[in-house]
Amino acid sequence: MGFKCGIVGLPNVGKSTLFNALTQTASAASENYPFCTIEPNIGQVPVPDARLHKIAKIAKSAKAIETRLMFVDIAGLVRGASKGEGLGNKFLGNIREVDAIIHVLRCFEDEDVTHVEKQISPTSDAGTVETELMLSDLERLERKKQALIKRVRGNDKEARAALPVVDGLIALLAAGKPGGFFQPKDADEKRIVKNLQLLTTKPVLYVANVGEQDAAAGNAYSRQVQDMAKANGAGAVVISAAIEAEIALMARAEQKEFLEAIGLTETGLSKVIRAGHKLLDLITFFTAGPKAARSWTVRKGAKAPKAAGVIHGDFEKGFIRAETISYPDYAALGGEQGARDAGKMRLEGKDYVVQDGDVIHFRFAN
């Protein structure tokens, strides 16, 4: 469906190392100097979900195919980006094109890896990036306000409704608060905010990139990041990008042994991918058959025809009904036939809102 998470941060914080590990490739060069990543690299990453493999086993599917999420590795930002410093204009333009921001923060000490600000302070680094995003949004809104004022003079109803929203956002940003703190009073205001395409209204996940020795328990720096995330209403994940890059090159059996040896139950990448999925307000539904069991992604609140359309446009156009089983029932009752026999298969129509974990067979007219 094209949902994109943009990996951002200052230079040399581990963005490209994380991206390489996520995509299990070396397509994004990881070098110890700023602006190594110039054009954004894009990778599609499978979303891990143990439910899919359970469904595949029950349905005796030949294979399991996971839904995917796109990650974009974006050039490092420096102070003054909103005024075009470094690769500022390119950086800000690339962020505007993603749906959510994965903000990587350096939480490790290493004399061999230079820091653009000459000190390790993840909260300060976060402030640098967020200030540039706010300044960019403020400039954009000031231009928008002048255009709206002209339209209001011409009795434009849409402009009249948008102007107070823009004023509210300007006041918020001027006070040092991101646009995401703005509370729309109704659906119309929510639509207006969305159409403004502001950088600071995008959901954020902070990734505290720690050294290898702190991968399991984190450190003082990562705890600062977690506290900051909580205060900002954002998510936070602690990982060691260096370890993740190493694990990504191992066979699955080796990965498990390695993780156990360092006190981890799963990779940090799995946490990042799932958190990115949640960040975008996405849910997962499943289909299962002898050829394949698959997980699919839709936004929370999507109705059955929209979910059918994710599989194929013709399914949405010719939608008749959705034969639906909740995952707990599917797993507990041994699959479709067991659920059907127990009366746990539901016939849902066009107004049904798909729930996370639904196992669905769509009926449609050709």
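Everything numeric here is computed off the predicted structure, so don't read it as measured data. (Residues numbered from 1 in each chain as written. Predicted model: local features only at pLDDT ≥ 70, side-chain atom pairs only at ≥ 80, totals over all residues. Heavy atoms only, no water.)

S.K.: Help me understand unusual backbone geometry in this model?
M.R.: With glycine set apart, most residues show a phi of negative sign, and most peptide bonds adopt trans. Notably, N12 is not glycine yet its phi reads approximately 65°, a positive angle. Its place among the elements puts N12 in the loop between β1 (4-8) and α1 (15-23). Residue N155 is not a glycine yet carries a positive backbone phi of 60°. Here N155 shows up in the loop between α4 (122-153) and α5 (157-174). (Helix = DSSP H or I, 4+ residues; strand = E, 2+ residues; numbered from the N terminus.)

S.K.: When you look at the packing of α4 against α5 in this model, what are you seeing that I'm missing?
M.R.: What describes two packed helices is the angle between their axes and the distance between those same axes. Contact geometry for α4 and α5: axes closest at 9 Å, N-to-C directions at 150°. For the element pair α4 / α5, the angle class is roughly antiparallel. The chirality of how α4 crosses α5 is left-handed. Touching M134, D137, L138, L141, E142, K144, K145, L148, I149, R151 and V152 of α4 are E158, A159, R160, A162, L163, V166, D167, L169, I170, L173 and A174, all from α5. Tallied by class, residues from the contact of α4 with α5 come to 14 nonpolar, no polar and eight charged. (Axes fitted to C-alpha atoms, helices over the stretch in contact; angles between N-to-C directions. Parallel < 35°, antiparallel > 145°, perpendicular 65-115°, else oblique. Left-handed = near helix turned anticlockwise from the far one by under 90°. Contact = heavy atoms within 4.5 Å. Nonpolar A, V, L, I, M, F, W, Y, C, P; charged D, E, K, R; others polar.)

S.K.: Help me understand α4, please; the structure alone is not making it clear to me.
M.R.: Helical periodicity: at 3.6 residues per turn, an α-helix aligns residues three or four positions apart in one direction. In a regular helix each residue adds 1.5 Å, so 32 residues correspond to 46 Å; α4 covers 46 Å between its end C-alpha atoms and thus fits that length. Remark: N155 follows α4 within two positions and exhibits a positive phi of approximately 60°. (Expected span 1.5 Å × (residues − 1).)

S.K.: Whenever I open this one, the pairing of strand β10 (residues 319-325) confuses me. Can you help?
M.R.: Along any regular strand the residues' side chains alternate between the sheet's two faces. Most of β10 is tucked away: five of the seven residues are buried. Two strands pair when backbone bridges link them, and β10 and strand β12 (residues 359-364) are joined in this way by six bridges, in the antiparallel orientation. When the sheet's bridge partners are listed, A322 is paired in β12 with F362. One ladder, built from three bridges, connects β10 with strand β11 (residues 346-348); its direction is antiparallel. In the strand pairing of β11, A322 is matched with E348. (Buried < 20%, exposed > 50% of the residue type's maximum accessible area, 1.4 Å probe, protein only. Pairing = 2+ DSSP bridges.)

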